[in-house]
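# Reading the structure
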Amino acid sequence: MLFAVSDSDLPWVVKIIQNALRGLCAGLCQLIYPLISTFYQVFSDMGKLFYNDNFTQIYTRISTIIGVFMVFRVIFWLIELLVSPDSLSDKEKNPGKIIQKVLLSIVLLATTPRIFKLAFNLQYDIMNEHVIEDLIVLESKDKQGVEKLDNAAIGRKMAAELFLNFYKASEYDGNDNCKDLAGKDGGIVYSEMINYNKMSHLTDSCLTDTYKNGEEEYYKIDFNGLFAVGVGAFVFWMILMYCISVGTRYVQLIFLQIIAPIPIMCYLTPKKDNMFSKWVKQCTTTYLDLFIRVSIISFVMLLINQVFENSADFGAIGETSNWIILFLVLGLLTF
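Note that the structure is predicted; figures quoted are calculated from it, not measured. Starting afresh in each chain, residues are numbered from 1 along the sequence in its written order. Local features in this predicted model are restricted to residues whose pLDDT is 70 or higher, and side-chain atom pairs enter the listing and the counts only when it is 80 or higher, whereas totals over whole chains, interfaces and linings include all residues. The basis for the side-chain values is all heavy atoms of the structure; hydrogens and waters are excluded.

### Description of the overall build of the protein
- Broken down by element type, the protein carries 10 helices and four strands.
- Only DSSP runs of H or I with at least four residues qualify as helices, and only runs of E with at least two residues qualify as strands; both kinds are numbered from the N terminus onward. Each helix and strand of the protein, ordered N terminal to C terminal, gives the series α-α-α-α-α-β-α-β-β-β-α-α-α-α.
- Residues classed as buried in the protein amount to 38% of the 335 residues present.
- Within the protein, contacts between residues separated by at least 24 positions form 74% of all contacts whose residues are at least 6 apart in sequence.
- With an accessible surface of roughly 19000 Å², the protein has 63% of that area assigned to carbon and sulfur atoms. We call a residue buried when its accessible area falls under 20% of the maximum for its residue type, exposed when it is over 50%, and partly exposed in between, using a 1.4 Å probe and counting protein chains only. Any two residues whose heavy atoms approach within 4.5 Å are treated as being in contact. Residue-level accessible areas treat just the shown protein chains as cover; the underlying method is Shrake-Rupley with a 1.4 Å probe.

### Looking at the packing of aromatic side chains
- Any Phe, Tyr or Trp ring, taking Trp's six-membered ring, that has another such ring centre within 6.5 Å forms a pair; planes under 30 degrees apart are called stacked, those over 60 apart edge-to-face, and the others tilted. Across all of its chains, the model carries 11 aromatic pairs by this definition.
- Ring geometry for Tyr40 versus Phe43: centroids 6.1 Å apart, planes at 50°, classification tilted. With Tyr40 and Phe43 both in helix H1 (residues 10-46) and three residues apart, the pair spans about one turn of that helix.
- Judged by its relative accessible area of 1%, Tyr40 falls in the buried class.
- Site record: aromatic cluster; members linked through ring pairs are Tyr33, Phe163, Tyr167 and Phe223.
- We count a charge as sitting over a ring when the NZ of a lysine or the CZ of an arginine lies within 6 Å of the ring centre and within 35 degrees of the ring normal. Over the aromatic face of Tyr196 sits the side chain of Lys198, whose NZ or CZ is 5.9 Å from the ring centroid.
- Cation over ring: Arg293 sits above Tyr242, and NZ or CZ is 4.6 Å from the ring centre.

### With respect to a nonpolar patch on the surface
- Patch construction takes residues with relative accessible area above 30% that form no salt bridge. Like charges are linked within 9 Å, and nonpolar side chains (Val, Leu, Ile, Met, Phe, Trp, Tyr) are linked within 5 Å. Salt bridges, as used here, are contacts in which a Lys or Arg side-chain nitrogen is within 4 Å of a carboxyl oxygen on Asp or Glu. A cluster of nonpolar residues, Leu21, Leu24, Leu28 and Leu226, forms a patch on the protein surface that exposes about 370 Å² of accessible area.
- The biggest single contributor to the nonpolar patch is H1, with three residues.
- Turning to its location among the elements, Leu24 is positioned in helix H1.

### Considerations on the pattern of salt bridges
- Under the defined criterion, the tally for this structure stands at two salt bridges.
- A salt bridge links Lys157 to Glu161, with the nearest nitrogen and oxygen atoms 3.0 Å apart. With Lys157 and Glu161 both in helix H5 (residues 151-163), this residue pair falls four residues apart, about one helical turn. As far as burial versus exposure is concerned, Lys157 and Glu161 are alike and both buried.
- Close ionic contact of Arg293 with Asp289 constitutes a salt bridge, the shortest N to O distance being 2.9 Å. Linking Arg293 with Asp289, this pair stays in helix H9 (residues 274-309), spanning four residues, or about one helical turn.

### Describing the environment of Ser200
- Relative to the assigned elements, Ser200 resides in the loop between helix H6 (188-196) and strand S2 (210-213).
- Among the residues examined, Ser200 registers a relative accessible area of 39% and is labelled partly exposed.
- In this structure the C-alpha to C-alpha distance between Ser200 and Gly27, which are 173 residues apart in sequence, comes to 9.5 Å.
- Not counting chain neighbours up to four residues away, the residues in contact with Ser200 comprise Gln30 and Glu192.
- Counted as a polar contact is a pair of N or O atoms within 3.5 Å, where, for protein atoms, one must be capable of donating a hydrogen and the other of accepting one, and residues adjacent in sequence contribute only when both atoms are in side chains. Within the local environment of Ser200, its side chain forms a polar contact with the side chain of Glu192, the two groups lying 2.4 Å apart.

In C-alpha cells:
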C-alpha cells in the first residue's frame, strides 16, 4: 500500500524537507568555512618562506663553469680581433660593447644570489606586515589599534565575514537567544569563528525555529544555505589552487636562480641575448605573482561585501534578485 500525503500534510512535509536541507547546508558550511580560514593561513605562510642558502652551492658550481667559459670567450674575441680587424666596425663585436657585456656579466654572476635573497626578505616583510591587505580591505589592528593580526586571524576574519553574508537574524519580536547568533557585533557564530575557527552553534535549534507574522511563518535565522555552500566551496577551491601556485612559484624562483648563469652567459653572445631578456622577465612576473594573488583575494572580498551590503539596490528586479547577486559574487570570484 502506497503512502499517501493529504493536502493538509503537504506543508508539514515541505517544512521537514526544508529543515533537513538547512541542516545539511549548515553541516557543509561547518566544514568548508574553517577550511577557507586554514588554507588562507597556509597560503599566506607559504608567501613568507625564507631564502635557502643551500641552493647557492649549486649556483656557485654553475657560475664557476660559466666563469671559465667567459675567459675563453674573451680569449676567442681577442684572437678574432687579431685575425679580422674589420670586425671592429660591427657594433656587437665592438671592444667597448664586449667589455661592457663582460663586466655586466661578472657583476650579475656575483650579485644574483644576493638579489634573490633581498627579494625573499622583502617578500617576507610585505606578507608578515600584511601591507597589501591593509591597503585594500582587511584591518590588521584590533579596536585599540595596537596588536597586529596574524595570518590565522586574517583568514578567520575573511571566512567569517564571507559567511555572514548568507546567515542573518530575521526581523522578529522575540526574547530568545536566536538573535544573538548572527551579526558581527556580539554574534556568537561570528565570534566563535573569529576566535576558534569553528562553527559549533551553527546547527542549533535556532536554525529551524520559526515565528509567525500574521498568518505567515518565517525562520528566525535567514540562512541562504545553498548560496553559502556554493560560494564557500568556490572560495575554498580558489584558495587551494593559490596554495599550489605559491608552492610552484617558490620552486620556480629557486630554479630561475640556479639556471641564472646560463642566460647570463647567453648575454655575452652577440645578437643572441634574447634568453637573458626572457629570464629577467620570467623572474619579475614570477616574483610579483604572489602579491597579485593576495591583492585579488582582498579586492574580491571587499567587492563581495559591497554587493551584499547594497543588495537592496537589486530589489527592483524582483524574484530574480537573489540569483543576480549570486552570479555577481561568482563572477567576482572568477575574475
